[in-house]
Amino acid sequence: MIKALLLAWLYIYTIPKPMLVWEATRYDYTLEIGWNQVEWSKAHKTCALRIKERYKTYRVCSVDTWKCVECYHNDYWPKEYTNKVIDLSSYAFKQLWIPLKRWVAKVKVYWPI
C-alpha cells in the first residue's frame with residue numbers, strides 16, 4: 001500500500017509540466033542527400049516549433065488519445081500568421097494514434113527532456 005502511494009506521488013510530482021495546450025499540424029518534407037531524395041519526415045520523429053532554441057527533444061502528448069511521443073526539434077516553423085505553434089512529422093503524428101487524414105490535433109508540449 002505504501003509502495004503504491006509512493007509510486008503515485010512520484011508519478012504526479014515528477015512529471016514535467018506542459019507549456020500549454022496547442023494545435024499541432026502534420027507536415028512532410030524531402031531531404032536531398034547528394035542525388036538521393038529521402039522522405040525524412042515519414043520515418044523520423046521530428047517537429048518544428050516556433051521557439052528559437054533548436055536541436056532539443058520535446059515530449060508531445062495528444063489531448064484526445066493520451067499518447068505521447070518524443071520529437072526532435074529541427075526546424076523553426078510554423079510562421080506566426082498561421083496561429084499554430086508546432087508541426088509534427090507524419091511519423092510522429094502517427095505515433096500519437098491520430099489518423100493521418102486529420103491534419104490538426106490538440107497536443108500538450110512539454111519542456112525539453
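Our subject is the structure that appears above.
Residues numbered from 1 in each chain as written. Predicted model: local features only at pLDDT ≥ 70, side-chain atom pairs only at ≥ 80, totals over all residues. Heavy atoms only, no water.

**Focus: the pattern of salt bridges**
Worth spelling out the cut-off: Any Lys or Arg side-chain nitrogen located within 4 Å of an Asp or Glu carboxyl oxygen qualifies as a salt bridge.
Per the stated rule, a full pass over the model turns up five salt bridges. Linking lysine 56 and glutamate 53 is a salt bridge whose minimum nitrogen-to-oxygen distance equals 2.7 Å. One network of salt bridges, in which partners are shared, links Glu23, Lys84 and Lys106.

**Focus: the nonpolar core**
When a protein is soluble and globular, its nonpolar side chains tend to lie buried together. Just so we agree on the cut-off: Residues belong to a common nonpolar core when they are buried Ala, Val, Leu, Ile, Met, Phe, Trp, Tyr or Cys residues joined through side-chain atoms within 4.5 Å. Buried residues are those whose accessible area, probed at 1.4 Å on protein chains only, stays under 20% of the maximum for their type, while exposed residues exceed 50% and partly exposed ones sit between those limits. Starting at the N terminus, helices and strands are each numbered in turn, a helix being any DSSP run of H or I of at least four residues and a strand any DSSP run of E of at least two.
Ranked by size, the top nonpolar core spans 18 residues in total, and within it Val60, Cys71, Ile86, Leu88, Leu96, Val107 and Val109 carry the most contacts. For this core, the secondary structure elements donating two or more residues are strand E1 (18-27), strand E4 (46-49), strand E5 (57-62), strand E6 (68-76), strand E7 (86-89), helix H2 (90-95) and strand E8 (104-110). Counting residues per element, this core draws most heavily on E8, at three residues.

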